[in-house]
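# A closer look at the structure
Okay, here's what each chain looks like letter by letter:
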Amino acid sequence: MIFESSPVETISFEGHSFYVKRDDLLHLDFSGNKARKFYYFLQNNFSDIKKVVSYGSAQSNAMYSLSVLAKMKGWEFEYYVDHLAKYLKENPHGNYAGALKNNTVFKVSSEQLAVSSEENVLFVEEGGRQKEAEYGIKLLAQEIMDWQKENDIQELNIFLPSGTGTTALFLQKNITLLTAHCSLLTNVYTCPCVGDIEYLKKQFLELEADEKYHPVILTLEKKHHFAKLYKENYKIWLKLQQQTGVEFDLLYDPLGWRVMLAHTELFDKPVMYIHQGGILGNKSMLPRYERKYKNIEGSGDL
Ligand SMILES: *Cc1c(COP(=O)(O)O)cnc(C)c1O
C-alpha cells in the first residue's frame, strides 16, 4: 500500500455534527478521489506503457492527478483539450500550471478523441470514468467500514457530490457487497454537479447495470450549472471555512453541502461527508468569485 488510510474528523456546521473523511489528505500531490480512481494504475506494473493519453478541460482535477501519476511512473502524458484560452496560456495557474510543471504535453483538438489502441499507450477516459477506478474506491469502502466497526457506528449515511458519478457508484456497490454479511447499515447519497439526474443515472447504468448497487440521488429544486459562479455556492464555501477550518473545493463541494443541508432526513443517522480533494483548482476559481462578489463575508443568511 502506498497510502495510509485517510483520517476521519468530526466537525460541526450550521448546528449539525458531521464526520468528514479527509481523502484530500491522502497524498500531498496525488490526493482526493482521483488518487482513489487512479490507484489501480499506481499499484500495478505496466512495464509496456510509455505514455498516458487523456482528454477533458484545461483545469480538470483528473488531468492534474494524471500528470502526477505519470511523473511517479516515468510515463509521458499527453492531454487533449478542445480549446485553450489565450489568457490561461499566457498566465498559467491552478491545475493547468500544475500539469505543465509535470511536463504535460497539451494538444488542442476539436475532434473527439477515440480510444487509442496504440501499443505502449494507456488511455484514460475523461474524469477517470472507467472500470479500473473500482479498485481504489473499494479500499475507500473498506476503510469506512473498518472505521464504523472500530467506533461502533451501526448506521451511517454517507454523502459525496458527483461529477461522472464513478466514485459514488463504486462506493455504494462495494459497501453493499462488504456489508452483505454483517449488521452495518450504510447508505450512499449523492447529487449531480455536472448534468441533471438523468445524466447521472445514465452514468451509473453504464458502470453498473444492477440498480441495487446505485447510490440515492438528491438535488435542489432549482437547476444548477457546473462551474457557474453562484453567490450561494461562494457563501457556503466561506461559511464552511469559517465554522470548520477546513478548505473544501469550490466546484463540487458547495453544491454538495447545500443539497445535504436541504435534506434533513439524512440527519436521522450519523452523517459522513467525503472530502474528495480538488483544492488546487481553487486557485483559479477563488479569484473569479472574489472579483464577482467583493462584499460577501459569508456571515449573512444563506
Ligand atoms: C473529480 C471530483 C469529483 C467528482 O468525482 P466523480 O467520480 O467523477 O463523480 C468530486 N469532487 C472533486 C473535488 C473532484 O475532484
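Structure's up top.
In this text, all values refer to a predicted model and were calculated from it rather than measured experimentally.

Thresholds, definitions, all that
Residues numbered from 1 in each chain as written. Predicted model: local features only at pLDDT ≥ 70, side-chain atom pairs only at ≥ 80, totals over all residues. Heavy atoms only, no water. Pairing = 2+ DSSP bridges. Helix = DSSP H or I, 4+ residues; strand = E, 2+ residues; numbered from the N terminus. Contact = heavy atoms within 4.5 Å. Axes fitted to C-alpha atoms, helices over the stretch in contact; angles between N-to-C directions. Near = heavy atom within 4 Å. Polar contact = N/O pair within 3.5 Å; in protein donor to acceptor, adjacent residues only side chain to side chain. Areas by Shrake-Rupley, 256 points an atom, 1.4 Å probe, with all protein chains shown as cover. Nonpolar A, V, L, I, M, F, W, Y, C, P; charged D, E, K, R; others polar. Buried < 20%, exposed > 50% of the residue type's maximum accessible area, 1.4 Å probe, protein only. Patch = residues over 30% accessible without salt bridge, like charges linked within 9 Å, V, L, I, M, F, W, Y side chains within 5 Å. Salt bridge = Lys/Arg side-chain N within 4 Å of Asp/Glu carboxyl O. Lys, Arg positive; Asp, Glu negative; His and termini not counted. Charge placed at Lys NZ, Arg CZ, Asp CG, Glu CD. Phe/Tyr/Trp six-rings, centres within 6.5 Å; stacked < 30°, edge-to-face > 60°. Parallel < 35°, antiparallel > 145°, perpendicular 65-115°, else oblique. Left-handed = near helix turned anticlockwise from the far one by under 90°.

The strand order β1-β2-β10-β7-β8-β9 describes an open sheet built from six strands, whose pairing is mixed. Strands with a single pairing partner mark the edges of an open sheet, and in this sheet they are β1 (8-13) and β9 (216-217). Bridge analysis of strand β8 (residues 185-192) against β9 gives two bridges, and the strand direction is parallel. Bridge pairing in β9 links Thr190 to Ile217. Strands β7 (155-162), β8 and β9 of the sheet are contacted by helix α8 (residues 197-207), whose axis makes an angle of about 130° with β8. Taken strand by strand, helix α10 (residues 253-262) contacts β1, β2 (16-22), β7, β8 and β10 (271-275), and its axis lies near 170° from that of β10.

Every one of the 15 residues lining the ligand counts as a neighbour, but Lys34, Lys37, Asn61, Thr164 and Thr167 are closest to it. Gly163 is positioned such that a nitrogen or oxygen atom in its backbone is 2.8 Å from an oxygen atom of the ligand. With respect to the ligand, the side chain of Thr164 contributes an N or O atom lying 2.6 Å from an oxygen atom. Considering the ligand on its own, with 380 Å² of exposed area, one finds that the protein chains cover 97% of that surface. Elements supplying a minimum of two residues to the shell around the ligand: α1 (32-37), β7 and α7 (166-178). By residue number, the principal contributor to the shell around the ligand is α1, which donates three residues. Looking at the shell around the ligand residue by residue, the class counts come to two nonpolar, ten polar and three charged.

A word on the sheet that holds strand β6 (residues 121-124). On the basis of which strands lie adjacent, the open sheet formed by four strands has the order β5-β4-β3-β6 and parallel pairing. Every other strand in the sheet has two partners, leaving β5 (105-108) and β6 as the edge strands with one partner each. Across the sheet, the axes of successive neighbouring strands diverge by a mean angle of 20°, strand direction being ignored. Pairing geometry for strand β3 (residues 51-55) and β6, over four bridges, is parallel. Following the sheet pairing, Val53 is matched in β6 by Phe123. Of the strands in this sheet, β3, β4 (76-81), β5 and β6 are in contact with helix α3 (residues 61-73), which crosses β4 at around 165°.

Relative to the helices and strands, Cys191 resides in strand β8. Cys191 sits 66 residues away from Trp257 along the chain, and the two C-alpha atoms are 9.8 Å apart.

Residues Gly94, Asn95, Tyr96, Gly98 and Ala99 constitute the buried set of helix α5 (residues 94-101). Those residues of α5 that are buried are in contact with α3, α4 (86-90), β5 and α11 (282-292).

Take a positive patch on the surface next. On the surface, Lys228, Arg288, Arg291 and Lys292 cluster together into a positively charged patch. Mapped onto the secondary structure, Lys292 falls in helix α11.

All right, on to the packing of aromatic side chains then. Counted according to the given criterion, the structure contains 22 aromatic pairs. Aromatic side chains Phe159 and Tyr273 sit 6.2 Å apart centroid to centroid with 15° between the ring planes, which places their arrangement in the stacked category. Of this pair, Phe159 sits in strand β7 while Tyr273 sits in strand β10, placing them 114 residues apart in sequence. Across the pair, exposure class does not vary: Phe159 and Tyr273 are buried alike. On the basis of an interplanar angle of 85° and a centroid distance of 5.8 Å, the ring pair of Phe248 and Tyr273 is categorised as edge-to-face. Linking Phe248 in the loop between α9 (231-244) and α10 with Tyr273 in strand β10, this pair joins segments that are 25 residues apart in sequence. Comparing Phe248 with Tyr273 shows no difference in burial state: the two are buried.

Running from amino to carboxyl end, α3 crosses α5 at an angle of 20°, the nearest separation of the two axes being 9 Å. With respect to their mutual orientation, α3 and α5 come out roughly parallel. Between α3 and α5 lies a crossing of left-handed hand. From α3, Asn61, Met63, Tyr64 and Ser67 reach across to α5, where they touch Asn95, Tyr96, Gly98 and Ala99. Across the contact of α3 with α5, the residue classes tally to four nonpolar, four polar and no charged.

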